[in-house]
Amino acid sequence: MNSYYFNLNLIIKFYLMRLSYFLILIFMMVSCSKKQDKILPEQKNLVESVYSSVTIQPDSLYEVYAVVSGILDKNLGTEGDLISMDEPLIKIINNAPILNTENAKFALQLAEDNYSGSATILEGIQDEIETASLKYKNDSINFLRQQNLWNQKIGSKSDYDTKKLNYQMASNNLSLLKNKYNSTKNELKTAFNQAQNNYKTSLINTKDFTITSKINGKIYALYKEPGELVTMQEPLASIGSANNFIIELLVDEVDIVRISKNQEVIITLDAYNGAVFNGKISKIYPKKDERNQTFKVEAVFNNPPKVLYPGLSGEANIIIAKKDTVLTIPKEYLIEDNKVKTDDGIITISTGLQNMEYIEVLSGITKNTYIYKPDND
């Protein structure tokens, strides 16, 4: 029995010793970790930047639309083909504009014949004017003769009044015909000009059956196949520069006021893992995208990668400012954005540039001031 208690005491003492060693080890680890949380400020070259997502797009990229509805007859190129300015790209079938063009042509021919053709309406009026002129001359002579006789007290008053009336009617009729000629000429000329314009407009619509490229570039996408319905609201193709690419960046509205043209941009692309490319800001779009509260910014590569495709994605940092050899501390050592914990207690500091990890210290502490990492508690 005594032997049993003796062994039990030994076992208890053994475990108590192990527990004390374990507690001492924990204390040493905590002490070491506290010592590691005590650091001195460092002098570094500091770069402040604005982060942005990146999408690569061809320069001068645009969507191709039809100006008439119809059926897609033929794609005259394939995706990836190079295309020249004014080169045919897509052919569309639509009979309505063709019929309209033929009708406009017939109307133009009719208007031209009426205005200056061999059977012109004006020639008929001109014949009437010549006839009316002869009658006017004849009635004028008869009236003058009768007037002379009447002045000599020869003839009757009835004959005199008849000749005078015939003369006045012939004069009025001649004037009416001349006015009719002038007004008809103006109307026919206006109708002819309108018919010409209608015909020219219909020709433009007919030419739009075949869509051509607006630039020298590459076909990046064809959205319709032969036989599909084409409307004026849907894009048919996407064309852009074959060799020149731009970098599209989305900048948060809180950072856009710090962005300006020609600022340096550091770019990484998912397709080029680990590679870093340099560029510069080339354009800032002034309208905010209300959906994601960002502004669109464009940049260009200084030395672009050899192979680029539309839609390649990545990340970028837009360099806002640089300083060499400035006093810095890790941002995780800050308390309330402008204070640090030192051997003398909590001290307020003035800060300057900052990046994701470090922030510049302008005043408040020196390079010999130990600072402590704040407790997360």
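Structure's up top.
Here is a short report on the structure shown in this document. (Residues numbered from 1 in each chain as written. Predicted model: local features only at pLDDT ≥ 70, side-chain atom pairs only at ≥ 80, totals over all residues. Heavy atoms only, no water.)

**Structural notes on the overall build of the protein**
Inference 1: A count of helices and strands for the protein gives 4 helices and 20 strands.
Inference 2: For the protein, with 377 residues in total, the buried portion stands at 29%.
Inference 3: When the accessible surface of the protein is split by element, carbon and sulfur atoms take 52% of a total near 24,500 Å². (Helix = DSSP H or I, 4+ residues; strand = E, 2+ residues; numbered from the N terminus. Buried < 20%, exposed > 50% of the residue type's maximum accessible area, 1.4 Å probe, protein only. Areas by Shrake-Rupley, 256 points an atom, 1.4 Å probe, with all protein chains shown as cover.)

**Describing the layout of surface pockets**
Inference 1: Looking at the largest pocket, its volume works out to about 260 Å³.
Inference 2: Contributing to the lining of the largest pocket are Glu48, Ser49, Val50, Tyr51, Asp255, Arg258, Asn317, Lys331, Gln354, Asn355, Met356 and Glu357.
Inference 3: In terms of residue count, strand β2 (residues 42-58) provides more of the lining of the largest pocket than any other element does, 4 residues in total. (1 Å grid on protein atoms, 1.4 Å probe; cavity = no way out; pocket = protein on both sides within 12 Å on 5 of 7 lines; lining within 4 Å. Points joined across faces, edges and corners; volume = space filled by probe spheres on them.)

**Some details on unusual backbone geometry**
Inference 1: The residue Lys153 is not glycine, and still its phi comes out positive at about 65°.
Inference 2: Take Lys153: it is sitting in the loop between α3 (121-151) and α4 (157-207).
Inference 3: Backbone geometry at Thr325 places phi at a positive 50°, although glycine is not the residue there.
Inference 4: With respect to the element layout, Thr325 can be found in strand β15 (residues 313-330).

**Here we look at the nonpolar core**
Inference 1: The biggest cluster of nonpolar side chains holds 23 residues, and the ones touching the most others in it are Ile56, Leu249 and Ile267.
Inference 2: Mapped onto this core, the elements with two or more residues apiece are β2, β11 (245-252), β12 (264-269), β13 (277-289), β14 (294-301) and β15.
Inference 3: Each residue touching Ile267, except ones within four places of it in the same chain, is listed here: Val54, Ile247, Ala275, Val276, Phe277, Asn278, Gly279, Phe301, Glu315 and Ala316.
Inference 4: Residues Leu72, Ile211, Val230 and Ile239 belong to the second largest nonpolar core, which totals 15 residues. (Core = buried A, V, L, I, M, F, W, Y, C linked by side-chain atoms within 4.5 Å. Contact = heavy atoms within 4.5 Å.)

**So, the pairing of strand β16 (residues 339-342)**
Inference 1: The alternating pattern of β16 places Val340 and Thr342 on a buried face and Lys339 and Lys341 on a face that is not buried.
Inference 2: Between β16 and strand β17 (residues 345-348), which follow one another and run antiparallel, lie 2 residues.
Inference 3: Pairing analysis gives 2 bridges linking β16 to strand β20 (residues 371-372), with the strands arranged antiparallel. From the neighbouring strand, Thr342 faces β20, where its bridge partner is Ile371. (Pairing = 2+ DSSP bridges.)

**Quick notes on the sheet that holds strand β8 (residues 217-222)**
Inference 1: Strand order in the open sheet made by the 4 strands is β3-β10-β8-β5, with antiparallel pairing throughout. The strands lining the two open edges of the sheet, one partner per strand, are β3 (62-64) and β5 (82-83).
Inference 2: Here β3 pairs with strand β10 (residues 237-240) via 3 bridges, running antiparallel. Within the sheet, the bridge partner assigned to Glu63 lies in β10 and is Ser238.

**Section: a nonpolar patch on the surface**
Inference 1: Together, Ile71, Ile93 and Leu229 make up a nonpolar patch on the protein surface, roughly 250 Å² of accessible area in all.
Inference 2: Inspection of the secondary structure puts Ile71 in strand β4 (residues 70-75).
Inference 3: Looking at Ile71, the relative accessible area reads 34%, which means it is partly exposed. (Patch = residues over 30% accessible without salt bridge, like charges linked within 9 Å, V, L, I, M, F, W, Y side chains within 5 Å. Salt bridge = Lys/Arg side-chain N within 4 Å of Asp/Glu carboxyl O.)

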